Each structure stands twice: as structure tokens, then as C-alpha cells.
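If you want the building blocks of each chain, they are given just below.
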Amino acid sequence: MLVITGFLTFRPEDVYEVVEGLLAVSELSRKDPGCIDYWWAEDLERPYTFRFFEAWETAEQFEAHRGMPYEDAFNERYLPKLVDVDAHVYTVTARASALGM
């Protein structure tokens, strides 16, 4: 499983437009093959900052998701509006015995 997490911070004047974009990209992303979880949440301590969490069954499915036209459109429209960003990618593995299975 692949997990991606971090935050994006935008200018105050862009927040309402960004929220609309985040809602749309979330709805589409959750339908992609291999999507386990996908969400955004506004950071309560950092204004205009949105935290994200994505979990994908495989790295290949995540890469396929990144190549979707709606991802390109989101990136083109909203990434130029960023004022700060941080992201981390984790590969998660577990043995069934470690999970009590």
C-alpha cells in the first residue's frame, strides 16, 4: 500500500475557489481503481492550509491516478496558487500475523 500525506497552503483570496477544486478532485479520485482512502481537511491552526491523506493499493495505481486528466487540470489551475507545500510518501507493509489475522 502507498500512503501520501502532507499539506498545501494557499493565499487567502484563493481559498473559496480552492475548496471547490478540492471537493471536485476528491470525488473523482475516490472512484479511481486502487483508491483506499482520499481526503482533505482544513488545518485548524494554520489558516488557508489544507491537509491531505491518500492511500492506494499499489504505486502503479497511484501513478495511474496522477495521470488522469482531472489531476492535470487541478494541478494546472491550483498549484500556481500555492504559497507553501509539504508532502511525504510511505510504503506500508504488514504481515497478517502482525495484524492479528
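Refer to the structure presented above.
Residues numbered from 1 in each chain as written. Predicted model: local features only at pLDDT ≥ 70, side-chain atom pairs only at ≥ 80, totals over all residues. Heavy atoms only, no water.

1. Re the sheet that holds strand S4 (residues 82-91)
At step 1: Taken in spatial order, the 4 strands of this open sheet run S2-S3-S1-S4, and their pairing is antiparallel. Looking at the sheet topology across the chains shown, the edges are occupied by strand S2 (35-42) and S4. Sheet twist, expressed as the mean angle between neighbouring strand axes with direction ignored, is 10 degrees.
At step 2: Of the strand pairs in this sheet, S2 and strand S3 (residues 49-56) are connected by 7 bridges, and their pairing is antiparallel. Note on S3: the bridge partner recorded for tryptophan 39 is phenylalanine 53.
At step 3: Across the face of the sheet, helix H1 (residues 15-29) comes into contact with strand S1 (2-10), S2 and S3 while running at roughly 170 degrees to S2. (Pairing = 2+ DSSP bridges. Helix = DSSP H or I, 4+ residues; strand = E, 2+ residues; numbered from the N terminus. Axes fitted to C-alpha atoms, helices over the stretch in contact; angles between N-to-C directions. Contact = heavy atoms within 4.5 Å.)

2. Remarks on the pairing of S1
At step 1: With 8 of 9 residues buried, S1 is to be regarded as a mostly interior element.
At step 2: The pairing of S1 with S3 spans 8 bridges and is classified as antiparallel. Each residue of the ladder has a partner; that of leucine 8, found in S3, is phenylalanine 50.
At step 3: Of the pairings in the sheet, the one linking S1 to S4 comprises 9 bridges and is antiparallel in character. (Buried < 20%, exposed > 50% of the residue type's maximum accessible area, 1.4 Å probe, protein only.)

3. Concerning H1
At step 1: Given a rise of 1.5 Å per residue, 15 residues ought to cover 21 Å, and the 20 Å separating the end C-alpha atoms of H1 matches this to within 8%.
At step 2: Of the residues making up H1, those classed as buried are Val15, Val18, Gly21, Leu22, Val25, Ser26 and Ser29. Considered in projection along H1, the buried side chains sweep an arc of 135 degrees and stay on one side of the axis. H1 presents Tyr16, Glu20 and Leu23 as exposed residues on the side facing more than 90 degrees away from its buried surface.
At step 3: Taken together, the buried residues of H1 touch S1, S2, S3, helix H2 (59-66) and helix H3 (69-78). (Expected span 1.5 Å × (residues − 1). Arc of directions from axis to C-beta.)

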